[in-house]
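Examining the three-dimensional arrangement
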Amino acid sequence: MAEYRLAVLASGNGSNLQALIDKVHLTGLARISIVISDRSKAPALARAEHASIPCRLLTPLPAEGGKSYHRRVASVLATAAPDLIVLAGYLRLLPAEFLALAPPVINVHPSLLPAFTGLDAPAQALAAGVKISGCTVHLVDGGMDTGPIICQRALPVLAADTPDSLHARIKKLEHQALIEVVSAFARGRVAISGRKVEIQEEG
Ligand code: GRF
């Protein structure tokens, strides 16, 4: 069977990238063929380097718009020929022209979407007083965390939670959910029909 290839875009710490390195890349389920970051200080880059995964820092030029920047991202991605692009803490919106030419793109978000899109989702959840929170892995459709939902994991919000403590617990769920979804894509077990996405059981 042909090797399933992933590209990961990450702007920050890269704990989700690390989960993919440990449980998907190093286990041979799929190969991370490139990691791209828009931030020079992103620890995600060091994580990729440490695992000997090709990585590129692509810093946006001063006053460069998202379309132009993502044309440069697309040309680097073209050489890696990914089957799936994973946004793992990537802080930029992908333009429609990028998505039109890309393979499926998925994102991981620290809330139970459609609640609490955008930045600081755990803080938004606490401010709203919700009792249950969690994470969502979804297809990217050009909106801000609006694409079809693939997988969600939930946890109770604790009375003593701060945005950081809640986010830290959610991240553990993110890692599990992302591994499950990427593994399902690599095995050809994801069925997409409009906004309905199903992970099909094996066998
Ligand atoms: C995660 O909470 C993810 O849901 C959000 O950004 C954070 C990235 O964390 N989109 P990390 O860089 O993977 O540790």
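Whatever comes next refers back to the structure up there.
Report on the accompanying structure.

**Observations concerning the packing of aromatic side chains**
A complete count under the given rule lists zero aromatic pairs for this structure. Stacked on the ring of Tyr 69, the Lys or Arg Arg 92 has its end atom at 5.3 Å from the ring centre.

**Brief notes about the site of the ligand**
Around the ligand lies a shell formed by Asn 13, Gly 14, Ser 15, Asn 16, Gly 89, Val 108, His 109, Pro 110, His 167, Lys 171 and Glu 174. Val 108 is positioned with one of its backbone polar atoms (N or O) 3.0 Å from a nitrogen atom of the ligand. Within the contact set of the ligand, an oxygen atom lies 2.5 Å away from a side-chain nitrogen or oxygen of Glu 174. A total of 370 Å² of accessible area belongs to the ligand in isolation, and the protein chains cover 88% of it. Counting only elements with at least two residues in the shell around the ligand, the list comes to α1 (15–25), β5 (105–109) and α6 (163–186). By residue number, the principal contributor to the shell around the ligand is α6, which donates three residues.

**Observations regarding the packing of α1 against helix α2 (residues 43–50)**
As a packed pair, α1 and α2 sit with axes 9 Å apart at the nearest point and diverge in direction by 15 degrees. When the axes of α1 and α2 are compared, the pair comes out roughly parallel. Two packed elements cross with a definite hand, and for α1 against α2 that hand is right-handed. On the side of α1, the interface is formed by Ser 15, Leu 17, Gln 18 and Ile 21, while α2 contributes Ala 44, Arg 47 and Ala 48.

**Side note on the sheet that holds strand β7 (residues 149–156)**
Read across the sheet, seven strands follow the order β3-β2-β1-β4-β5-β6-β7 without closing on themselves; strand pairing throughout is mixed. Since the sheet does not close on itself, it has two edges, and those belong to β3 (55–57) and β7, each with one partner. Each strand axis lies, on average, 15 degrees off the axis of its neighbour in the sheet, ignoring direction. Where helix α3 (residues 66–80) meets the sheet, its contacts fall on β1 (5–9), β2 (31–37), β3 and β4 (84–87), and the angle it forms with β2 comes to roughly 160 degrees. Sitting on the sheet, α6 touches β1, β4, β5, β6 (132–139) and β7, and the angle it makes with β7 is about 150 degrees.

**Examining helix α5 (residues 121–128)**
Among the residues making up α5, those that are buried are Ala 121, Pro 122 and Ala 125. All buried residues of α5 lie within an arc of 100 degrees about the axis, which places them on one face of the element. Of the surrounding elements, those touching the buried residues of α5 are β5, β6 and α6. After α5 finishes, the residue Gly 129 shows a positive phi value of roughly 75 degrees.

**Points about the nonpolar core**
Ile 32, Val 86, Ile 106, Val 137, Ile 150, Val 182 and Phe 185 are the most contacted members of the largest nonpolar core, which totals 40 residues. At 11 residues, the largest contribution of residues to this core is made by α6. Look past the residues within four positions of Val 86 in its chain and what remains in contact with it is Ala 7, Val 8, Leu 9, Leu 20, Ile 106, Leu 178 and Val 182. Counting residues in each nonpolar core, the second largest holds 18 residues, with Leu 9, Ile 85, Tyr 90 and Val 105 among its members.

**A few points about the state of the cysteines**
Under the counting rule described, the total for this entry stands at zero disulfides. The thiol of Cys 135 is unpaired, and the distance to the nearest cysteine sulfur, on Cys 151, comes to 6.6 Å. With a relative accessible area of 0%, Cys 135 lands in the buried category.

**Observations concerning the layout of surface pockets**
By volume, the largest pocket amounts to about 800 Å³. Gly 89, Tyr 90, Leu 91, Pro 110 and Leu 119 are, among the 37 residues lining the largest pocket, the residues nearest its centre. Of all the elements in the fold, those that place two or more residues in the lining of the largest pocket are α1, β5, α5 and α6. It is α6 that provides the largest number of residues to the lining of the largest pocket, a total of five residues.

About the criteria used
Residues numbered from 1 in each chain as written. Predicted model: local features only at pLDDT ≥ 70, side-chain atom pairs only at ≥ 80, totals over all residues. Heavy atoms only, no water. Phe/Tyr/Trp six-rings, centres within 6.5 Å; stacked < 30°, edge-to-face > 60°. Lys NZ or Arg CZ within 6 Å of the ring centre and 35° of its normal. Near = heavy atom within 4 Å. Polar contact = N/O pair within 3.5 Å; in protein donor to acceptor, adjacent residues only side chain to side chain. Areas by Shrake-Rupley, 256 points an atom, 1.4 Å probe, with all protein chains shown as cover. Helix = DSSP H or I, 4+ residues; strand = E, 2+ residues; numbered from the N terminus. Axes fitted to C-alpha atoms, helices over the stretch in contact; angles between N-to-C directions. Parallel < 35°, antiparallel > 145°, perpendicular 65-115°, else oblique. Left-handed = near helix turned anticlockwise from the far one by under 90°. Contact = heavy atoms within 4.5 Å. Pairing = 2+ DSSP bridges. Buried < 20%, exposed > 50% of the residue type's maximum accessible area, 1.4 Å probe, protein only. Arc of directions from axis to C-beta. Core = buried A, V, L, I, M, F, W, Y, C linked by side-chain atoms within 4.5 Å. Disulfide = S-S within 2.5 Å. 1 Å grid on protein atoms, 1.4 Å probe; cavity = no way out; pocket = protein on both sides within 12 Å on 5 of 7 lines; lining within 4 Å. Points joined across faces, edges and corners; volume = space filled by probe spheres on them.

Worth remembering: the numbers are spatial, not functional.
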